[in-house]
4 protein chains.
Amino acid sequence: MFEEVSQGLVYETLRTYNRVPFAAYKHYNRLMRSVSFFDIPFSMTFEEFVDILKKGTRQIDRESRIKVLLSVKTAELFFVFSPLNISSVEEGVNVKISKIRRIPDLSTPPSLKITGRTDILLARREIGECYDVILTGVNGQVCEGSFSNVFLVKEGRLITPSIESGILDGITRENVIKLANRLEIPLEERFVWVWELFEADEMFLTHTSAGIVPVRRLNDHLFFEEEPGPITSTLMENFEPFVLNLEENWVGT
Amino acid sequence: MFEEVSQGLVYETLRTYNRVPFAAYKHYNRLMRSVSFFDIPFSMTFEEFVDILKKGTRQIDRESRIKVLLSVKTAELFFVFSPLNISSVEEGVNVKISKIRRIPDLSTPPSLKITGRTDILLARREIGECYDVILTGVNGQVCEGSFSNVFLVKEGRLITPSIESGILDGITRENVIKLANRLEIPLEERFVWVWELFEADEMFLTHTSAGIVPVRRLNDHLFFEEEPGPITSTLMENFEPFVLNLEENWVGT
Amino acid sequence: MFEEVSQGLVYETLRTYNRVPFAAYKHYNRLMRSVSFFDIPFSMTFEEFVDILKKGTRQIDRESRIKVLLSVKTAELFFVFSPLNISSVEEGVNVKISKIRRIPDLSTPPSLKITGRTDILLARREIGECYDVILTGVNGQVCEGSFSNVFLVKEGRLITPSIESGILDGITRENVIKLANRLEIPLEERFVWVWELFEADEMFLTHTSAGIVPVRRLNDHLFFEEEPGPITSTLMENFEPFVLNLEENWVGT
Amino acid sequence: MFEEVSQGLVYETLRTYNRVPFAAYKHYNRLMRSVSFFDIPFSMTFEEFVDILKKGTRQIDRESRIKVLLSVKTAELFFVFSPLNISSVEEGVNVKISKIRRIPDLSTPPSLKITGRTDILLARREIGECYDVILTGVNGQVCEGSFSNVFLVKEGRLITPSIESGILDGITRENVIKLANRLEIPLEERFVWVWELFEADEMFLTHTSAGIVPVRRLNDHLFFEEEPGPITSTLMENFEPFVLNLEENWVGT
């Protein structure tokens, strides 16, 4: 069996808010996109998918974390439900730049979400006391954390690597972009060169389970002593109310 | 368990000749090199390693194929023994160039032999009727097949991608290089650009289970109609006697 | 003076048809685009530009070749008029792939047309008996000849590297694309990998002075013995009538 | 004539110390190496070369700057002698990272020193109020300034990009490396990633006319307020006595 699993499992990680699966339709579509890179005899309707999510999360008496995995070799599907643990990150986290570069799109489509990616495996070994490590691309562009997306603030503008930088289109990333638009914070999605990180005024990460995570320190560079900068703070305050009320996050649930 | 396995298994694939494990010491050293990229609480002496190989192969009444796998997460070690099936390849095989590029060394050390490499996973989907596909690197250099190394012959010279091209140092590749030296065939280990394949006089692959595999056709380019070219033929004829008599292939067995 | 000139001259090369400057407006715009990469105190209206072209070509009693150069250091402008020599290329030409890679867009914008590009300088040293050499990009994509653009035909489809491949948007290239659309020949503008050249049915180059130039041989690969393939031939026959009647090529002249 | 010059001039820039041409033999050898990339009908002995240098510098009543240029098209050779102006740099200079990447070795050999390099031309447009800009390579490695080499100090170790990073082997760089060895300062020649610049304790540039130039500020990152760090200071104090007494710098003069 381990040979089959070691061939790779495409996957998605979801969470609940108020015990309802969040952004299920977006996760379903991304899973299907990952599936499309392989000839897997797999079909599951969104309704079936949501139904399993609902039944599983009901078994847990608080917020859940759900991992959905599908073997690219055997089309076996796994759902793993567990209680969601969110460590408090409001005082900010430390991150550092990994020596390992994001696998480039010529080698693997950035939108394929699959276990066993050797860049992630190796980069995570460097995390140590940090919250996450930042993977840059082979041209020195900022890509993403090993489980998060990256945002900067510079002179009042919010900046994040574009999809063309070779990153996964994180669902929290997308929600933050929509929130920034709503709040009329100027936004740049573009190639971000690694040295721009050290010139930024603010920096934060985004990922499903914790939402917006302010970065206090990047390598030797300190972003703040006491409190995250104003744009990060504004986005953090508004994030949960915004996503809870954005209809597209609740399609079908 | 699948989460642990899907983290990756470093591995080696061996075969027997005359029911004795071949090049066991070289495979052991390569396995240990793969292990060294991780903090795995694993130690096994070469003597213990060989002992298991010998006991396993004794259970099979013909030549064996042995796969050794080690979980980078749990340090669990697996040995899989199976009868060796070698399809006849003397009339030559068809190969083609994969659209997928070898993951570059900035993203993953080429010498790390691990399951779940997404480039291999994706490239193998293109094999179809072919024997193997050739992965080029992100700069267009020839790297290797998805389970083999690549050799060319041009104007009497044997040419193979250098280790610096970003390839695994195949043990059969190394044996062929030593054989070529013994036979005084001029040899070039260097960056080989992909268009050189279409100008070559002969081409062959090497891998553990089948040794030297002559390439008859690469994409639309036909190398031979009836018989492999002279240098490929010479190497094929001499390969087995040579490796069977090369002492370094039998250390400790 | 040589220090100033050696700083680089942005330039354009034009020709006349029926002694009228061809595609003058397109060349003017490209020149202005090259100028825009520098802080050159230079302004010249299109009318002034055309006026000089007309006066110069009148001095030559047959078709002219016009080189326009502008020093990026001093803004000095040079026009060089000479008789146009077109060698007959109908029987096809030989080309080969250069070892030198096109300077990538991270290092220099592909649309900057300037003297002294070291990749062109070095690649041209390899031309020898060939008509031109083909420069590939640092990822192994086909870019362009040292003074031409590249087209392939494969199974009835016309294929040419996209602008995103890192090439100059040749004016003859653009005219051929429009002609293909007019003739309803299916067209692909995309990344073309270098090995696709060796699988093509037909290949041709385009450049200002000779229009469409069929390729007979690429390295060791022969495209035709006697006559260019059908799509190349069709395009060649229709090229001159088409461009002579396309209004946009005669704006302002 | 401008067409010929615009083809490129290989060149060297020298200076005198005590009105004697410095490191003439090293510059002669580098010029000959640049010449070797072309088929230039050029031969000049080192003795002839030095003789011209000596005669030219005698005409100037203080230290000289000498530029030697050779047309790769016509083999014409130019010597330009001028008074050496050294601005005081002891209080440190500001530099920044250029958006333009060093042309990679696949496109042009880094050791070819030639006018008209488009990366340098474009990068210098960004200098503004800075002393120089730093060019990184296409993989995000630190390469060199537009006319200087780069050194860092981190935890008492001197670090400088290796030749394999794709840089010119500056003669002042080489002298500083020898001086560091003499002073037993630990030295690393290796790939230096651009973010390491922002973690360094000290940074300085080297080039022929000014020797060692301490960097005070890189982009927003301040290295020192009042005085260069201890290793930079030590190297600066010892540089001139060291190079004036190093015999290899005075061969033939």
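Worth saying up front: this structure is predicted, and the values here are computed from it rather than measured.

Cut-off values and rules
Residues numbered from 1 in each chain as written. Chains lettered and ligands numbered in written order. Predicted model: local features only at pLDDT ≥ 70, side-chain atom pairs only at ≥ 80, totals over all residues. Heavy atoms only, no water. Domains from an automatic or database assignment. Contact = heavy atoms within 4.5 Å. Buried area = accessible area lost by both parts, 1.4 Å probe. Pairing = 2+ DSSP bridges. Helix = DSSP H or I, 4+ residues; strand = E, 2+ residues; numbered from the N terminus. Axes fitted to C-alpha atoms, helices over the stretch in contact; angles between N-to-C directions. Salt bridge = Lys/Arg side-chain N within 4 Å of Asp/Glu carboxyl O. Buried < 20%, exposed > 50% of the residue type's maximum accessible area, 1.4 Å probe, protein only.

**Details of the domain arrangement of chain A**
Residue and element names in this part refer to chain A.
(1) Moving on: Here chain A is partitioned into domain 1 (2–85) and domain 2 (93–244).
(2) Moving on: In this structure, domain 1 and domain 2 have C-alpha centres spaced 24 Å apart.
(3) Moving on: Listed as interface residues are 22 residues of domain 1 and, on the opposing side, 18 residues of domain 2.
(4) Moving on: Carbon and sulfur atoms supply 61% of the area that domain 1 and domain 2 bury against each other, a total of about 1,800 Å² over both sides.

**With respect to the sheet that holds strand β1 (residues 9–17) of chain D**
Consider a sheet: its strands pair through backbone hydrogen bonds, and that pairing is either parallel or antiparallel.
Residues and elements named next belong to chain D.
(1) Moving on: Pairing in this open sheet of four strands is antiparallel, and the strands run β2-β1-β3-β4 from one edge to the other. The two strands at the open ends of the sheet, each matched to only one other strand, are β2 (20–21) and β4 (77–83).
(2) Moving on: Relative to β2, β1 is paired through two bridges, and the arrangement is antiparallel. Bridge pairing in β2 links Tyr-17 to Val-20.
(3) Moving on: Of the strands in this sheet, β1, β2, β3 (64–71) and β4 touch helix α3 (residues 46–58), which is tilted by about 35 degrees from β4.

**With respect to the sheet that holds strand β3 (residues 64–71) of chain B**
Residue and element names in this part refer to chain B.
(1) Moving on: Strand order in the open sheet made by the four strands is β2-β1-β3-β4, with antiparallel pairing throughout. With partners counted over all chains shown, the strands left at the sheet margins are β2 (20–21) and β4 (77–83), one partner each.
(2) Moving on: Here seven bridges tie strand β1 (residues 9–17) to β3, and the two strands are oriented antiparallel to one another. By the bridge assignment, Leu-9 is partnered in β3 with Ser-71.
(3) Moving on: Packing against the sheet, helix α2 (residues 24–35) makes contact with β1, β2 and β3, and its axis sits at approximately 175 degrees to β1.

**A short note on the interface of chain A and chain B**
(1) Moving on: Listed per partner, the contact involves 36 residues of chain A and 36 residues of chain B.
(2) Moving on: Across the chain A/chain B interface, buried area totals approximately 3,000 Å², and carbon plus sulfur atoms make up 65% of it.
(3) Moving on: Inspection of the chain A/chain B interface yields two salt bridges.
(4) Moving on: The partner of Asp39(B) in a salt bridge is Arg125(A), with the nearest N and O atoms 3.4 Å apart.
(5) Moving on: Every element with two or more residues in the side of chain A that touches chain B is listed here: α1 (2–6), β3 (64–71), β4 (77–83), β5 (93–101) and α4 (118–124) of chain A.

**As for the pattern of salt bridges**
(1) Moving on: What the rule picks out here adds up to 63 salt bridges over all chains.
(2) Moving on: Two residues, Arg62(A) and Asp61(A), come together in a salt bridge whose shortest N-O distance is 4.0 Å.
(3) Moving on: Given a relative accessible area of 46%, Arg62(A) falls into the partly exposed group.
(4) Moving on: The residue Asp51(C) makes a salt bridge to Lys55(C) at a minimum N-O spacing of 2.9 Å. One end of the pair is Asp51(C) and the other is Lys55(C), both in helix α3 (residues 46–58) and four residues apart, which spans about a single turn.
(5) Moving on: The exposure class of Lys55(C) is partly exposed, given its relative accessible area of 46%.
(6) Moving on: Each of Lys26(A), Glu174(A), Lys178(A) and Glu248(A) takes part in a single network of salt bridges with overlapping partners.

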